[in-house]
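Each chain, letter by letter, is given below.
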Amino acid sequence: MFNKRIKIKDLLKMEPGLSGVVVMGWVRTFRNNQFIALNDGSTNANIQVVAELGQFDENTLKRLTTSSSIKVIGNLIASPGKGQTVEIHATHIEILGDSDPEKYPLQPKKHSLEFLREIAHLRFRTNTFGSVFRVRHSLAFAIHKFFNEKGFVYMNTPIITASDAEGAGEMFHVTTLPIGKPPVNENGQVDYTEDFFGKATNLTVSGQLEGELGATAFGDIYTFGPTFRAENSNTTRHLAEFWMIEPEMAFHDLEDNMNLAEDFIKYIIQHAVDNNLDDLQFLDQRLAEEEKLLPTDKRSEMGLLEKLNFVLTNQFERITYTEAIDILLASPAYKKKKFQYDVKWGIDMQSEHERYLVEKHFKKPVIVTNYPKDIKAFYMRQNDDGKTVAAMDILAPGIGEIVGGSQREERLDLLTQRMNEMNIPTEELWWYLDTRRFGTVPHAGFGLGFERMVLFVTGMTNIRDVIAFPRTPKNAEF
RNA sequence: UCCUCAGUAGCUCAGUUGGUUAGAGCAUCUGACUGUUAAUCAGAGGGUCACUGGUUCAAGUCCAGUCUGAGGAGCCA
């Protein structure tokens, strides 16, 4: 019977004077042959367990090594020491699992994030990753809470898909055909009619098209699931497997879409601030210490909590693509030829351009709308000017694009015309086009990269540090 | 995929123009101390210098290739 244990997070809030308290956890440090800093993952704060000298046998005390797991029964008392208000005087200590200190890789000292990535199975036991993953949980919970409160239906779109129509990137192939000698048709090509699904299939790059099918029946839906891109991307903000939130709303236009996205982002940040303040404070401090090592001009102007509060209390800047280009053309950076890539109407803005807008010019999240149709996807609604589409990207400081969305093209003729122009096969997407044939409605939606959101809220700088077991090129350990 | 940088003890790093037996801090172990807060003090153990090949009397150090990691770019969320 283990469930009598009290979680350390709750225990630390209790009044001293309790006897027979049961706690279990992993030893962080054992000082002076007497003081155990015990952690159970419920919070970064440890409970100090005091094993009074002479009360416990030598053999047990020897086994109190870093990350050994123990069960403690004792009395919660006011601590005479300085570092904590309460502590447990142990009457009983039981070793549940030993941890060989010669072999255990985590030591009571600072480790680099790169090293911890190599022992991703153990890194949750550090303060940094403890905080990051508790915040990640909190954000995930807030996402469901937000949409549930608004009456959205949570929809699970398929992971394996036969459509590669969206062109969102390179896909991972899914097949049960033998790799060495697959069946071949008359033209010498792999014969996918022999494959498991009778056609070529891939891991999904987006649930949006299926999401639209849900939205045009339920009104409002959202997806929250894994997404896969086989791009050979080696950056601090790309993963081959990541989680994406994709709401899709019928009877919504671009402005509704922007309003929802902004409310949504603020809501989940607020939830984390309300429920995980101690973790965010720890991450705030961690970031501040890390930034001390950077040259002054590379440091962020705001601390983590300051930045989150700033986002919560300020409106996101909303500008059109055309206005964005004008700002860039008028910028000192452009005039001094600081940009590596040229700026003119029609370009797909480069990282340096987006960073300038967000980090230098506005210094807050920016929503850019109405992009040229030629640099955007086929399903985005064409504006009356014939040149732009009703798209919106939200750019966040330090992260770049965190949300990409649009009002969808609901007019069948314009949609098929655009698909033909862009060589998207209309026959394969017959089911998608059916939504425009039978009771089509104006609708809109967006996709938000969950890990990028977690990056933003935790102040971490590498996306591999905000997902438990990152999948990146040449890395699928664990 | 491209560009740049890196790979030396469990970790973080030093290692001079190529030259004896490759060093430090932390961690670990042993002992001392015992109300400590990453405890402190003393001592000890710990290395295929990423891998393969080459140059040289001699390579951790120079050259080539490979692998791995990091940062930036592209692609994007």
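Definitions and limits used
- Residues numbered from 1 in each chain as written.
- Chains lettered and ligands numbered in written order.
- Predicted model: local features only at pLDDT ≥ 70, side-chain atom pairs only at ≥ 80, totals over all residues.
- Heavy atoms only, no water.
- Helix = DSSP H or I, 4+ residues; strand = E, 2+ residues; numbered from the N terminus.
- Buried < 20%, exposed > 50% of the residue type's maximum accessible area, 1.4 Å probe, protein only.
- Contact = heavy atoms within 4.5 Å.
- Areas by Shrake-Rupley, 256 points an atom, 1.4 Å probe, with all protein chains shown as cover.
- Lys, Arg positive; Asp, Glu negative; His and termini not counted.
- Charge placed at Lys NZ, Arg CZ, Asp CG, Glu CD.
- Pairing = 2+ DSSP bridges.
- 1 Å grid on protein atoms, 1.4 Å probe; cavity = no way out; pocket = protein on both sides within 12 Å on 5 of 7 lines; lining within 4 Å.
- Points joined across faces, edges and corners; volume = space filled by probe spheres on them.
- Nonpolar A, V, L, I, M, F, W, Y, C, P; charged D, E, K, R; others polar.
- Near = heavy atom within 4 Å.
- Polar contact = N/O pair within 3.5 Å; in protein donor to acceptor, adjacent residues only side chain to side chain.
- Core = buried A, V, L, I, M, F, W, Y, C linked by side-chain atoms within 4.5 Å.
- Domains from an automatic or database assignment.
- Buried area = accessible area lost by both parts, 1.4 Å probe.
- Salt bridge = Lys/Arg side-chain N within 4 Å of Asp/Glu carboxyl O.

**Some details on the overall build of chain A**
- What chain A contains, in helices and strands, is 14 helices and 16 strands.
- Overall, chain A is about 85 × 60 × 45 Å in size when its C-alpha atoms are taken along their principal axes.
- Among the 478 residues that make up chain A, the fraction classed as buried is 49%.
- Considering only residue pairs separated by 6 or more positions, chain A has 68% of its internal contacts joining residues 24 or more positions apart.
- For chain A, the exposed area adds up to about 24,000 Å²; of that, 51% sits on carbon and sulfur atoms.
- Each charge class in chain A was averaged separately, 54 positive and 66 negative side chains, and the resulting centres sit 6 Å apart.

**Examining the pairing of strand 14 (residues 388-396)**
- A large share of strand 14 lies buried, amounting to nine of its nine residues.
- Across six bridges, strand 13 (residues 366-372) lies against strand 14 in antiparallel orientation. Each residue of the ladder has a partner; that of V368, found in strand 14, is D393.
- Where strand 14 lies against strand 15 (residues 400-407), six bridges are found, and the strand directions are antiparallel. Considered in strand 15, the bridge of I394 is made with V403.
- Following strand 14, the chain reverses through three residues before pairing antiparallel with strand 15; G398 in that reversal takes a positive phi of roughly 85 degrees.

**Let's talk about the sheet that holds strand 15**
- Taken together, the eight strands give an open sheet; going across it, the order is 6-10-11-16-15-14-13-12, and neighbouring strands pair in mixed fashion. In the strand order of this sheet, the two ends are held by strand 6 (153-154) and strand 12 (317-320), each with one partner.
- Examined bridge by bridge, strand 12 and strand 13 share four bridges and lie parallel to one another. If you follow E317 over to strand 13, its bridge partner there is V366.

**Let's talk about helix 14 (residues 450-458)**
- Where burial is concerned, most of helix 14 is hidden: nine out of the nine residues are buried.
- Considered for burial, the residues of helix 14 that qualify are F450, E451, R452, M453, V454, L455, F456, V457 and T458.
- Looking one or two residues beyond helix 14, the residue adopting positive phi is G459, at roughly 75 degrees.

**Describing empty space enclosed by the protein**
- Summed over the entire model, instances satisfying the criterion amount to three cavities of 30 Å³ or more.
- Within this model, the second largest cavity holds a volume of roughly 50 Å³.
- As for the second largest cavity, its lining consists of I265, V311, F316, P365, I394, A396, I402, M453 and F456.
- Sorting the residues of the lining of the second largest cavity by element identifies strand 14 and helix 14 as the ones contributing at least two each.
- Counted by class, the lining of the second largest cavity contains nine nonpolar, no polar and no charged residues.

**A short note on the protein's contact with RNA strand B**
- The immediate surroundings of RNA strand B are formed by 50 residues, with R31, K109, T235, H238 and R452 found nearest.
- Those atoms of RNA strand B that come within 4 Å of the protein belong to sugar or phosphate at a rate of 50%.
- One of the side-chain nitrogen or oxygen atoms of S79 is found 3.4 Å away from a base nitrogen of RNA strand B.
- Of all the secondary-structure elements, those providing two or more residues to the surface near RNA strand B are strand 1 (18-31), strand 5 (86-97), helix 3 (113-118), strand 11 (241-250) and strand 15.
- Per-class residue counts for the surface near RNA strand B are twelve nonpolar, 22 polar and 16 charged.

**Quick word on the nonpolar core**
- Counting residues in each nonpolar core, the largest one holds 63 residues, and the members touching the most others are F264, I269, F456 and V457.
- Look past the residues within four positions of I269 in its chain and what remains in contact with it is L139, L308, V311, L312, M453, F456 and V457.
- Among the nonpolar cores identified, the runner-up in size contains 31 residues, and I319, A333, Y432 and L433 belong to it.

**Considerations on unusual backbone geometry**
- In this model, S67 sits at a positive phi of 75 degrees, which is unusual for a non-glycine residue.
- Locating S67 in the fold gives a position in the loop between helix 2 (58-62) and strand 4 (69-78).
- Backbone geometry at F478 places phi at a positive 70 degrees, although glycine is not the residue there.
- According to the relative accessible area criterion, F478 is partly exposed, its value standing at 39%.

**Quick word on the domain arrangement of chain A**
- When the domains of chain A are assigned, the result is domain 1 (8-97) and domain 2 (125-170 + 205-465).
- With centres defined by C-alpha atoms, the gap from domain 1 to domain 2 works out at 45 Å.
- Taken together, the eight residues of domain 1 in the interface contact ten residues of domain 2.
- Among the residues domain 1 hides against domain 2, the three largest losses belong to R28, N44 and S67. Together they make up 62% of the total.
- Here domain 1 is connected to domain 2 by zero salt bridges.
- Our count for the contact surface shared by domain 1 and domain 2 stands at seven residue pairs in polar contact (both at pLDDT 80 or more).
- Residues that form the side of domain 1 that touches domain 2 fall into these classes: one nonpolar, five polar and two charged.

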